[in-house]
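# Chains, contacts and geometry: an overview
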Amino acid sequence: MKSHARVVVIGGGVVGCSVLYHLTKFGWTDVVLLERSELTSGSTWHAAGGMHTINGDPNVAKLQKYTVELYKEIEEYSGQDIGLHMTSGLMLAATHERFDWMKSLLAKGKYAGGEATLISAREAHEMMPLLDPDQFVGAVFDPHEGHLDPYGTTHAYAKSAKKNGAEIYLHTKVEDLVQLEDGTWRVITDKGEIKAEHVVNAAGLWAREVGRMVGLELPVLAMEHMYLITEDMPEVIDFNKTTGKELMHCVDFDGEIYIRQERNGMLMGTYEKDCRPWSPITTPWNFGHELLAEDLERITNELAVGFRHFPAFNNAGIKKIINGPFTFSPDGNPLVGPVRGMTNYWSACAVMAGFSQGGGVGLALAQWIIEGDPGFDVFAMDVCRYGDYATLAYTNAKVRENYSRRFSIRYPNEELPGARPLLTTPIYDRLKDAGAVFGASYGLESPLWFAPKGEVDAFSWRRSNDFDVVGAEAKAVRDSVGLMETSGFAKYKVSGKGAEAWLDKILAARIPAIGRMVLAPMLNEAGKLIGDFTLAKLGEEDFLVIGSGIAEDYHMRWFEQHLPKDGSVSLEAINLGLVGLSVAGPNARAVMQKLTHLDLSDAAFKFMDIRRMDLGMAKAIVGRVSYTGDLGFEIWMKPEYQRYLFDAIMEAGAEFGIRLFGLRALNALRLEKSFGSWSREFRPLYGPLEAGLGRFVALSKQTNFIGKQAAIAEKAEGGTLRLRTFIIEAKDADVIGDEPIFYNGEARGWVTSGGYAHASGLSVAIGYVPKDIADEADGWTIELLGEVLKARPQPQTLFDANGSRMRS
């Protein structure tokens with residue numbers, strides 16, 4: 001065994017072998033894979049081997065498309081037969097609600113060149129005669145689906161990697177990982193040690209154990225997963241003989257099953273409601289090619305639906321039942337990327353759809369290791385999308401929920417109840433008593449809207465029962481004053497002698513004067529947006545940075561990677577050590593003035609001013625800014641002051657009819673100002689000029705901030721995209737994101753976010769289109785739930801186009 005390697009990949013499943021292959025493909029040949037048993041010894045060997053390109057997240061869908069297209073390449077390069085069956089596939093809808101969901105899913109792929117089409121239930125029956133068309137409303141046909149041999153595919157990756165110079169050591173169990181002072185790793189195995197620059201945890205079922213070797217508790221859990229294989233079926237044999245084709249892959253969402261042909265019979269798998277975690281605390285090291293006990297009773301309900309939807313199964317004998325463990329993260333997406341707080345420790349685990357996503361995961365991670373960036377936006381799979389709230393028990397609850405709902409509809413306004421409530425603020429009960437309907441973001445309960453007594457969210461793809469109430473909340477802000485909680489934002493304290501110089505390098509904006517704030521984009525080396533913050537200077541060496549709550553670990557990882565090593569900068573993620581309230585609307589100043597003797601007039605406390613002050617008896621940090629785009633104040637305080645300040649503000653605002661508002665009203669208000677948001681308008685896909693943030697990038701400052709040269713180039717060349725706002729002739733539904741934007745009938749762009757701007761009475765979409773047509777006035781349409789709707793550009797913001805309200 002080698003004593004040194006540039007990268008050691010731990011785990012010989014399809015993901016580990018894909019990572020190994022992609023590292024060698026990009027020229028890193030001094031790489032090693034360690035497997036405690038044989039290749040495919042974890043979840044890979046008993047996988048059903050299905051694959052598809054469609055995904056609700058277009059960025060993940062691109063990786064799946066890459067994975068499927070890669071198979072012929074590795075089969076040819078390795079000489080290993082992978083048993084590839086490109087049968088095409090159907091996604092079936094048994095309800096009109098499911099069919100609406102499929103329409104939106106199909107639309108997302110149009111601007112990416114997707115080839116899937118919407119078809120009727122009768123057309124689906126003609127393609128797949130085993131299904132009963134009377135049980136379905138319609139379907140999506142995807143030509144890029146099928147299945148393969150998991151064993152052959154994994155070995156094709158492995159042989160390709162070895163052909164490029166990689167080494168693979170089987171029956172070599174990793175027993176410990178120790179990082180040395182120089183950042184390199186001692187990879188300690190039962191066969192000796194390897195010193196490595198990078199370690200990749202692709203250990204699958206044992207990812208938790210490999211994480212624990214370095215004090216890490218990864219949010220991953222294995223679930224029992226069952227599928228059955230029938231005996232030979234005459235219907236299958238007849239179809240093969242008559243058409244010369246194999247029966248296609250089918251996903252029956254409402255039946256919570258999937259099926260495909262297996263030799264002369266069929267395979268049927270389930271995602272059952274009565275699901276079971278496997279080995280929830282620790283995974284035994286001696287587990288390998290064993291299967292778990294059969295438990296058909298647990299999937300009886302799903303099988304009953306399956307047999308009704310596919311009647312031929314009623315006459316088929318069962319030849320084999322497979323029950324084996326697969327790993328999942330809380331939201332079902334992989335956990336990929338560098339782990340925060342560690343040097344060169346990489347995660348490539350929880351890839352439950354390994355044969356749809358394994359190639360893309362390997363591509364992203366290899367590029368990340370070699371180039372320092374995955375090469376595209378993988379936030380949906382980033383291991384840093386979870387914080388330390390994702391404990392073992394949290395993961396157990398959310399994974400079980402996700403598994404049991406894997407084929408269920410997730411409506412745009414649906415909040416899932418698993419592992420909730422977890423994080424709450426001191427006014428949680430006050431808000432709940434006021435009718436708050438909460439959503440959970442980064443583990444924290446945040447009010448979405450305030451429902452009348454007895455009402456809860458009615459889930460729908462179309463406007464729901466919250467519509468009028470959210471409208472009233474938004475109008476209350478525009479007409480007088482509203483109060484909302486803002487504790488869900490991420491807060492960072494940056495201090496020390498080197499604080500200003502460090503911030504000047506890591507952020508693209510100018511550093512503000514003491515008592516002032518600026519909007520501060522953050523770029524990667526390629527000049528793409530990886531963050532948008534409010535940067536406040538509270539003192540000579542004292543800064544407060546406010547950003548997106550869901551990206552706290554993501555941003556802390558970047559911050560920490562770029563901190564100076566001389567200790568001149570102190571960085572702290574304050575999290576719920578500071579909680580927040582926001583007062584907004586034309587009467588916001590009048591309400592706030594009742595709480596302080598300080599002069600809050602525009603002359604004394606200007607737009608984007610910030611200072612520490614007492615509000616009543618409470619100490620707070622108050623900034624003259626509001627994401628509503630109206631006159632407003634953001635207030636940050638220690639948690640022990642929040643209840644007092646909440647009551648004080650509500651009392652001071654009573655004479656003005658102050659009203660609580662939630663995140664849905666905030667969305668309606670920010671749409672009127674065309675304000676973007678992180679993970680929608682602002683992502684590593686876009687440059688600041690494209691995203692409309694060019695004026696906040698200080699290209700003329702002397703500091704060579706990260707991404708400066710790329711930003712200069714973008715300005716000179718103009719980029720390729722432009723962020724634009726559209727008014728849609730909507731009916732009973734509004735866009736939510738990823739819908740295609742058409743220009744003269746051709747899909748040319750995509751919606752990033754949208755909704756109904758209640759105060760203006762208009763349906764709004766924000767999205768990216770090519771710069772060469774971005775300022776065209778006519779010819780625009782947007783597809784929504786299968787209907788193509790007229791859209792017109794909105795060059796000026798709907799509300800307060802000159803900014804006089806928020807600045808006065």
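Structure report, in brief. For clarity, every value in this text was computed on a predicted model and none was experimentally measured. (Residues numbered from 1 in each chain as written. Predicted model: local features only at pLDDT ≥ 70, side-chain atom pairs only at ≥ 80, totals over all residues. Heavy atoms only, no water.)

Secondary structure summary: the protein chain contains 19 helices and 38 strands in total. Radius of gyration (C-alpha) of the protein chain: 27 Å, near the 28 Å computed for a compact globule of 808 residues. Overall, the protein chain is about 85 × 65 × 50 Å in size when its C-alpha atoms are taken along their principal axes. Within the protein chain, the fraction of its 808 residues that count as buried is 61%. Relative to all contacts within the protein chain whose residues are 6 or more apart in sequence, the contacts with residues 24 or more apart total 72%. Accessible surface for the protein chain amounts to roughly 30500 Å². Of this, 50% is attributable to carbon and sulfur atoms. For the protein chain, the distance from the average site of its 84 positive side-chain charges to the average site of its 105 negative ones is 4 Å. (Helix = DSSP H or I, 4+ residues; strand = E, 2+ residues; numbered from the N terminus. Rg over C-alpha atoms; globule rule 2.2 N^0.38 Å. Buried < 20%, exposed > 50% of the residue type's maximum accessible area, 1.4 Å probe, protein only. Contact = heavy atoms within 4.5 Å. Areas by Shrake-Rupley, 256 points an atom, 1.4 Å probe, with all protein chains shown as cover. Lys, Arg positive; Asp, Glu negative; His and termini not counted. Charge placed at Lys NZ, Arg CZ, Asp CG, Glu CD.)

Here we take up the pattern of salt bridges. Tallied over the full model, the rule gives 48 salt bridges. Its salt-bridge partner being Glu783, residue Lys110 comes within 2.7 Å of it at the nearest N-O pair. Of this pair, Lys110 sits in the loop between helix 3 (96–108) and strand 5 (117–120) while Glu783 sits in strand 37 (residues 780–784), and the two are 673 residues apart along the sequence. The exposure class assigned to Lys110 is partly exposed, which follows from its relative accessible area of 36%. Judged by relative accessible area, which is 6%, Glu783 ranks as buried. Of the charged contacts in the structure, one is a salt bridge between Asp134 and Arg122, with a shortest N-O distance of 2.7 Å. Remark: Arg122 occurs in helix 4 (residues 121–127) and Asp134 occurs in the loop between helix 4 and strand 6 (138–142); sequence separation between them is 12 residues. Using a relative accessible area of 59% as the deciding quantity, one classes Asp134 as exposed. In this structure Arg122 comes out as partly exposed when scored by relative accessible area, which is 48%. Each of Asp100, Lys103, Arg462 and Asp732 takes part in salt bridges that share partners, so that together they form one network. (Salt bridge = Lys/Arg side-chain N within 4 Å of Asp/Glu carboxyl O.)

Topologically, Thr395 is positioned in helix 10 (residues 392–404). The residues contacting Thr395, other than those within four sequence positions of it, are Pro219, Val220, Leu221, Pro330 and Ala390.

Here we come to the side chain of Glu35. With respect to the helices, strands and loops of the structure, Glu35 is situated in the loop between strand 2 (31–34) and strand 3 (50–51). No salt bridge is formed by the buried Glu35, whose closest oppositely charged neighbour, Arg36, lies at an N-O distance of 4.2 Å. Reaching out from Glu35, the side chain makes a polar contact with the backbone nitrogen of Ser37 at a distance of 2.8 Å. (Polar contact = N/O pair within 3.5 Å; in protein donor to acceptor, adjacent residues only side chain to side chain.)

A word on the nonpolar core. The biggest cluster of nonpolar side chains holds 94 residues, and the ones touching the most others in it are Val9, Leu23, Val200 and Ile782. Discounting residues that sit within four places of it in the chain, Leu23 has contacts with Val7, Val9, Trp28, Val31, Ala366, Ile369 and Ile370. Counting 48 residues, the second-largest nonpolar core is a separate cluster that includes Val494, Trp678, Val697 and Phe705. (Core = buried A, V, L, I, M, F, W, Y, C linked by side-chain atoms within 4.5 Å.)

Secondary-structure assignment places Val764 in strand 36 (residues 762–770). Note on Val764: relative accessible area 0%, which makes it buried. For the pair Val764 and Glu294, spaced 470 residues apart in sequence, the C-alpha to C-alpha distance is 51 Å. Setting aside residues no more than four positions away along its own chain, Val764 makes contact with Leu671, Thr725, Phe726, Ile727, Val735, Gly754, Gly755, Ala757 and Leu798.

Another aspect to go through is the pairing of strand 34 (residues 740–743). Burial along strand 34 is two-sided: the residues Pro740 and Phe742 and Ile741 and Tyr743 are all buried. Two strands pair when backbone bridges link them, and strand 34 and strand 35 (residues 746–757) are joined in this way by four bridges, in the antiparallel orientation. Looking at the pairing, Tyr743 lines up with Glu746 of strand 35. Connecting strand 34 to the antiparallel partner strand 35 that follows it, the hairpin turn spans two residues, and Asn744 within it adopts a positive phi of roughly 50°. In this structure, strand 34 lies alongside strand 37, joined through three bridges in antiparallel fashion. Among the inter-strand pairings, Ile741 is bridged to a residue of strand 37, identified as Ile782. (Pairing = 2+ DSSP bridges.)

Geometry only, nothing functional implied.
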